[in-house]
Amino acid sequence: MSAISEEGARPKVSRPLYTPDQRARRDTSRWTLVQGILAPVQFAVFLISLVLVIRYLLTGLGYDAAALSIVIKTGFLLLIMVTGAIWEKVVFGQYLFAESFFWEDVFSFAVIALHLAYLYALLTASLGPESLMWLALAAYAAYVINAGQFLLKLRRARLDVGGLA
């Protein structure tokens, strides 16, 4: 095998996140607005819940509030996933795993699995209160990574428009 010299290497050209038709569908879809509203609301719910979970772990106080906040956060997560799948169908023609958001969707399922594991453990009492809170923190760590993935895609979409990508 021979290595390609720097002179013979082609510059990497990245494919835009959206085709012109997909961008037009994205910009005119009401689901884009729904996602734009739900994402920061879910993040606010996450922050409140995170504080309640950490408070419980540090002080032993407020278990019911922390547990309820995790259930509410999970509800928002499921809502944004369902509406996001509808958004992907409108923009890309398929409900999930469109090429442009494939890895974000894959990781979203890991986030959902952790949140649902929390709900299962809560409902079946298969974990104690402290273990439940640690499971919630694991779910929240995965959520932060996933949110970061989507923020990077949002940035990339903006750069694509400016011709900077």
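Computed from a predicted model, the values in this text were never measured in an experiment.

Visitor: A description of the layout of surface pockets should follow, citing residues and the corresponding values.
Guide: Gaps left between atoms show up when a probe the size of a water molecule is rolled over them. The volume enclosed by the largest pocket comes to roughly 880 Å³. Elements supplying a minimum of two residues to the lining of the largest pocket: α1 (20-28), α2 (30-59), α3 (63-92), α4 (102-124) and α5 (129-162). For the lining of the largest pocket, the element with the highest residue contribution is α5, accounting for nine residues. Here the lining of the largest pocket is composed, by residue class, of 17 nonpolar, seven polar and seven charged.

Visitor: Got a sec to walk through the nonpolar core? Specific residues and values, please.
Guide: Of all hydrophobic cores here, the largest spans 21 residues; its most connected members are Val53, Ala66, Ile70, Val111, Tyr118, Met133 and Tyr140. Elements that contribute at least two residues to this core include exactly α2, α3, α4 and α5. Apart from residues lying up to four places away in sequence, Val111 is in contact with Leu77, Ala139, Ala142, Tyr143 and Asn146.

Visitor: Could you give me a rundown of the packing of aromatic side chains, with the residues and numbers involved?
Guide: According to the stated counting rule, one finds 14 aromatic pairs in the structure shown. Ring centres of Phe43 and Phe46 lie 5.5 Å apart, and the angle between their planes is 40°; this geometry places the pair in the tilted category. With Phe43 and Phe46 both in helix α2, this residue pair falls three residues apart, about one helical turn. Ring plane angle 65° and centroid distance 5.5 Å describe the contact between Tyr56 and Tyr63, whose orientation is recorded as edge-to-face. A relative accessible area of 22% places Tyr63 in the partly exposed class.

Visitor: An account of a nonpolar patch on the surface is needed here, citing residue identities and associated values.
Guide: On the surface, Phe97, Phe102, Trp103, Val106 and Phe109 cluster together into a nonpolar patch covering about 470 Å² of accessible area. By the element assignment, Phe97 lies in the loop between α3 and α4.

Visitor: Quick rundown of the side chain of Gln22? Include the residues and the values.
Guide: Checked against the element boundaries, Gln22 lands in helix α1. Gln22 has contacts with Leu17, Val91 and Phe92, leaving out every residue within four places of it along the chain.

Visitor: Provide a residue-level description of the pattern of salt bridges, including the pertinent values.
Guide: The full count for this structure, using the stated rule, is two salt bridges. Between Asp27 and Arg26 there is a salt bridge whose closest N-O contact spans 2.6 Å. Judged by its relative accessible area of 48%, Asp27 is partly exposed.

Visitor: Outline the packing of α2 against α3, supporting the account with residue identities and numerical values.
Guide: Where α2 meets α3, the axes come as close as 9 Å, and the angle between the chain directions of the two elements is 160°. In terms of axis orientation, α2 runs roughly antiparallel to α3. Relative to α3, the crossing made by α2 is left-handed. Per-class residue counts for the contact of α2 with α3 are 22 nonpolar, seven polar and one charged.

Visitor: I'd like to hear about α2, residue by residue, with values.
Guide: Between its first and last C-alpha, α2 extends 44 Å over 30 residues, near the 44 Å set by a 1.5 Å rise per residue. The complete set of buried residues in α2 reads Trp31, Gln35, Leu38, Gln42, Val45, Phe46, Ser49, Val53 and Tyr56. Following α2 by one or two positions, Gly60 has its phi on the positive side, about 80°.

Conventions and cut-offs
Residues numbered from 1 in each chain as written. Predicted model: local features only at pLDDT ≥ 70, side-chain atom pairs only at ≥ 80, totals over all residues. Heavy atoms only, no water. 1 Å grid on protein atoms, 1.4 Å probe; cavity = no way out; pocket = protein on both sides within 12 Å on 5 of 7 lines; lining within 4 Å. Points joined across faces, edges and corners; volume = space filled by probe spheres on them. Helix = DSSP H or I, 4+ residues; strand = E, 2+ residues; numbered from the N terminus. Nonpolar A, V, L, I, M, F, W, Y, C, P; charged D, E, K, R; others polar. Core = buried A, V, L, I, M, F, W, Y, C linked by side-chain atoms within 4.5 Å. Buried < 20%, exposed > 50% of the residue type's maximum accessible area, 1.4 Å probe, protein only. Contact = heavy atoms within 4.5 Å. Phe/Tyr/Trp six-rings, centres within 6.5 Å; stacked < 30°, edge-to-face > 60°. Patch = residues over 30% accessible without salt bridge, like charges linked within 9 Å, V, L, I, M, F, W, Y side chains within 5 Å. Areas by Shrake-Rupley, 256 points an atom, 1.4 Å probe, with all protein chains shown as cover. Salt bridge = Lys/Arg side-chain N within 4 Å of Asp/Glu carboxyl O. Axes fitted to C-alpha atoms, helices over the stretch in contact; angles between N-to-C directions. Parallel < 35°, antiparallel > 145°, perpendicular 65-115°, else oblique. Left-handed = near helix turned anticlockwise from the far one by under 90°. Expected span 1.5 Å × (residues − 1).

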